[in-house]
Amino acid sequence: MIKILQDGEPHPAEVINPGGTSPYVLVCEHASNRIPKNLGTLGLSDEDLQRHIAWDIGAEATARILSKILDAPLILQRYSRLVYDCNRPPEADSAYPEESEIYKIPGNANLTPSARLARTREIARPFHAAIEAFLDQRAVERRQTLVASIHSFTPVYKGKQRDLDVGFLFDRDAGLANFLIKVFPPDKARLNEPYGPKDGVMHLLNLHAAPRGLRHVMIEIRNDLIAEHAGQNAWANYLTVPLAQAAIKLASQART
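What comes next concerns the included structure. (Residues numbered from 1 in each chain as written. Predicted model: local features only at pLDDT ≥ 70, side-chain atom pairs only at ≥ 80, totals over all residues. Heavy atoms only, no water.)

Focus: the sheet that holds strand β9 (residues 166-169)
Strand pairing in a sheet relies on backbone hydrogen bonds. The paired strands run either parallel or antiparallel. Ordered by their spatial adjacency, seven strands build an open sheet running β1-β3-β2-β6-β11-β9-β10, and the pairing between neighbours is mixed. The two strands at the open ends of the sheet, each matched to only one other strand, are β1 (13-16) and β10 (189-191). This sheet shows a mean twist of 20° between the axes of neighbouring strands, independent of strand direction. Pairing analysis gives three bridges linking β9 to β10, with the strands arranged parallel. What sits directly across from Phe-168, in β10, is Leu-191. Those strands touched by helix α2 (residues 59-70) are β1, β2 (24-28), β3 (74-77), β6 (146-153) and β11 (215-222), and its axis lies near 165° from that of β2. Here helix α3 (residues 113-140) sits on the sheet and contacts β1, β2, β3 and β6; the angle it forms with β3, its principal contact strand, is near 175°. (Pairing = 2+ DSSP bridges. Helix = DSSP H or I, 4+ residues; strand = E, 2+ residues; numbered from the N terminus. Axes fitted to C-alpha atoms, helices over the stretch in contact; angles between N-to-C directions. Contact = heavy atoms within 4.5 Å.)

Have a look at this one:
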């Protein structure tokens with residue numbers, strides 16, 4: 001039997017500020033570049049594991065600051081998306097990519113079904129179960145809940161420059177994204193860029209938020225803007241007021 005996680009390695013999900021009073025539940029599924037010891041380095045160098053292919057640079061730190069300012073719970077995923085991308089279903093090749101952007105991932109080449117299943121069972125399922133349990137708890141408490149997933153994107157992808165600072169992504173629910181986009185300069189913020197539903201990036205929100213009828217949004221910040229603490233703090237503060245205002249507006253609409 002293939003085993004991914006050794007005894008003593010952390011659970012895939014870490015819940016920060018579970019008792020937060022905010023209506024928001026923040027999720028950061030690409031928070032870490034950690035590789036389980038049993039998988040070595042997936043054949044990558046230390047330099048490669050610091051690149052955007054392994055994690056969303058700056059996203060965890062930004063999400064932690066936003067969690068503190070909003071007093072919002074935050075659920076982090078503790079392993080690299082190269083081990084298992086928890087924003088993809090297990091049938092997707094991109095859940096365990098053999099290539100990410102222009103980089104080959106040797107440790108993911110020719111994975112057997114058993115190896116894929118082990119990663120699904122030990123990484124993806126526990127992480128998603130933690131989100132489900134947390135949202136279930138809020139549901140029985142009848143708490144207003146909005147879900148925002150925090151991501152970052154590389155400014156240059158396959159040699160092409162991306163000319164935006166932030167994207168607000170949606171699939172089945174445009175409410176939050178449409179509210180937030182109005183706050184930012186139109187030349188710097190866009191809807192469903194640099195990715196969109198056609199790229200398969202809405203899996204987590206479509207799995208957990210949409211079926212529950214929870215308003216939700218995926219926030220993508222250009223990673224060079226949040227690579228250091230000053231930018232992380234600035235972007236968390238940029239997002240705080242419009243997120244809070246959106247929650248108030250949506251709650252008001254729900255009552256009418």
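Quick word on the pattern of salt bridges
As enumerated under the stated definition, the model contains 18 salt bridges in all. A salt bridge links Asp-48 to Arg-51, with the shortest nitrogen-to-oxygen separation between them at 3.0 Å. A relative accessible area of 16% means that Asp-48 is categorised as buried. In this structure, Glu-99 and Lys-104 form a salt bridge, with 3.4 Å as the shortest nitrogen-oxygen distance. Judged by relative accessible area, Lys-104 falls into the exposed class, the value being 59%. Several salt bridges converge on common partners, so that one network encompasses Glu-14, Glu-60, Arg-64 and Arg-78. (Salt bridge = Lys/Arg side-chain N within 4 Å of Asp/Glu carboxyl O. Buried < 20%, exposed > 50% of the residue type's maximum accessible area, 1.4 Å probe, protein only.)

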